[in-house]
Amino acid sequence: MTEAKQELTQRSKRSDGEPRPLARPQNPHVKISHMATHRLYYDDSYLQNFEARVLSCSPAEPVQGASGPQSAWEVLLDQTAFYPASGGQPNDLGVLGEAVVLDVRDEGDEIAHIIDRELPPGSVKGCVNWPRRFDHMQQHTGQHLLSAMFQERFGLPTVSFHLGAELCTIDLRGQEPSSSHLLGAQRAANQAIFEDRPVNVRYGTAEQLAQFGVRKQVEREGLLRAIEIESADLQPCGGTHVKSTGQIGVILLRGLSKVRQDWRVEFACGGRAERLATDDFAQLRGLTTALSCAVEELPASVDKLVVERDAHFKSLRSALQQLAEAKAAQLVAAAPAGTNGIRLVARVLRDVHPELLLPLATEIAKNERGVALLVLEESGQLVFAQHPSAGKDLSAVLKKTLATHPGKGGGSKDFVRAKLMDPRASAAAVELAKELTLA
Ligand SMILES: [Zn+2]
């Protein structure tokens, strides 16, 4: 064991995610609090079972469980293999004795384990939920590699990292990554995975790490922990990582979006990448069944469907226009000329195509002194329209109508559209609008 590492195992505290000084080797008189939790995962991120001494256990704030708030206790141990949420990597879960670990928090020197029952003083056995932790190790190490490739090949530094429940993201600063940048970074990262390069933990001062060519310069004092991917990356980090790049499995990029001034790249590694690719293919298979074609024929089939849909839409519009013209002529002819020669058509439309409402009202309003007050019974959508020669104020009519039968809408003196909140008021609304128009 190197001197530096010995320093760490005896005195390690703090850290994770954000690099922190682990100790001050130049001052042999520094004493740390007896409460500082020794972080076993620093030296062995594969440790799943461990034994520790319970230093304290006290009631904590209730924790939100699946069925509401649940009682919780906070326990401090002399040492732990549980990783606390930090540096973009979520906390571990697992058990401590009979207690279920609900959360693990980094509190400076100490790690607080939030558990579901009280633990007696003495020794306790801990067990880390390994599938969850290993998934985090795959994603986190994959992130180091991917960030290194974006930086080294395209000069795009990573400014933040998030390990989510479904996908992981890094935010890159600089010019917009092109699709060849994305593909290039993915390919280079996967190449380093295929080469199964060792992932080492190194310790050094900020100056020493800078000499080694650390990717992210830090200005903290004291001994720092850094993660090295051989011939690829050296990055200060207190998280948990796999021991060689082969265990990352594979990296798949999933998306790119702009977030403030940065570029957010979504990705998934290892088991997550496998599940996503499997789900993608299942969806493709579902589409091939629906469209009766092979996977490679899908783009052409979808293109054909879009062209057909557009053509159908066009012919529907044309048919509705013809229908509107014929129906308007019929309705206007049937409407008796009222005072001042007004020809008022007030109708509740049922069982008609919703797209007929607008052209029908427009066609009615093309007739001299024609007024249309139309509403769709099913949806409560309404259109009032008039020929300018009718001389009414339909905007005022709508306002008064909506005062009695609430809804949202508006327009001009000659044309208004609205939607009633309650479609059951359609008939009453048209009747009221008719009275107001003729008043
Ligand atoms: Zn890391």
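Look a little higher up for the structure.
The structure displayed is predicted, hence computed values, not measured ones.

Draft legend 1. Quick peek at the side chain of Ser 45. The residue Ser 45 is located in the loop between strand E1 (38–39) and strand E2 (49–65) in this model. With a relative accessible area of 11%, Ser 45 lands in the buried category. Residues in contact with Ser 45, not counting those within four places in the same chain, are Trp 130, Arg 133, Met 137, Thr 240 and His 241.

Draft legend 2. View of the packing of helix H5 (residues 270–291) against helix H6 (residues 298–334). Contact pair H5 / H6: the axes reach a minimum separation of 11 Å and the direction vectors enclose 50°. With respect to each other, H5 and H6 are oriented oblique. Every pair of crossing elements has a handedness; the one defined by H5 and H6 is left-handed. Of H6, the residues touching H5 (which contributes Leu 284, Leu 287, Thr 288 and Leu 291) are Leu 298, Ser 301, Val 302 and Leu 305. Across the contact of H5 with H6, the residue classes break down as 6 nonpolar, 2 polar and no charged.

Draft legend 3. Spotlight on the nonpolar core. Core analysis: the biggest nonpolar cluster contains 31 residues, and Leu 145, Leu 146, Phe 150, Ile 251 and Phe 267 have the highest contact counts within it. Of all the secondary structure elements, the ones that give two or more residues to this core are helix H2 (130–154), strand E9 (158–163), strand E10 (168–172), helix H3 (179–194), strand E12 (224–229), strand E14 (251–259) and strand E15 (262–269). Once residues lying within four places of it in the same chain are set aside, the contact partners of Leu 146 are Ile 170, Ala 185, Ala 189, Ile 251, Leu 253 and Phe 267. Core analysis: the second largest hydrophobic core is formed by 20 residues, Tyr 42, Leu 77, Phe 82 and Val 104 among them.

Draft legend 4. Highlighting helix H7 (residues 357–364). The element H7 is extensively covered by neighbouring structure, given that 6 of its 8 residues are classed as buried. For H7, every residue scored as buried is listed here: Leu 357, Pro 359, Leu 360, Ala 361, Glu 363 and Ile 364. Against H6, strand E16 (343–349), strand E17 (370–376) and strand E18 (381–386) lie the buried residues of H7.

Draft legend 5. Summary view of the coordination of the zinc ion. Around the zinc ion, the protein contributes the donor atoms His 140 (NE2), His 144 (NE2), Cys 237 (SG) and His 241 (NE2), which lie 2.0 to 2.2 Å from the metal centre. The coordination sphere of the zinc ion comprises 4 donor atoms, whose angles at the metal cover 99 to 124°; the geometry is tetrahedral.

Reading the values: the criteria
- Residues numbered from 1 in each chain as written.
- Predicted model: local features only at pLDDT ≥ 70, side-chain atom pairs only at ≥ 80, totals over all residues.
- Heavy atoms only, no water.
- Helix = DSSP H or I, 4+ residues; strand = E, 2+ residues; numbered from the N terminus.
- Buried < 20%, exposed > 50% of the residue type's maximum accessible area, 1.4 Å probe, protein only.
- Contact = heavy atoms within 4.5 Å.
- Axes fitted to C-alpha atoms, helices over the stretch in contact; angles between N-to-C directions.
- Parallel < 35°, antiparallel > 145°, perpendicular 65-115°, else oblique.
- Left-handed = near helix turned anticlockwise from the far one by under 90°.
- Nonpolar A, V, L, I, M, F, W, Y, C, P; charged D, E, K, R; others polar.
- Core = buried A, V, L, I, M, F, W, Y, C linked by side-chain atoms within 4.5 Å.
- Donors = N, O, S within 2.8 Å, 3.2 Å for Na, K, Ca; no water.
- Tetrahedral: all angles 85-135°; square planar, octahedral: opposite > 155°, others 65-115°.

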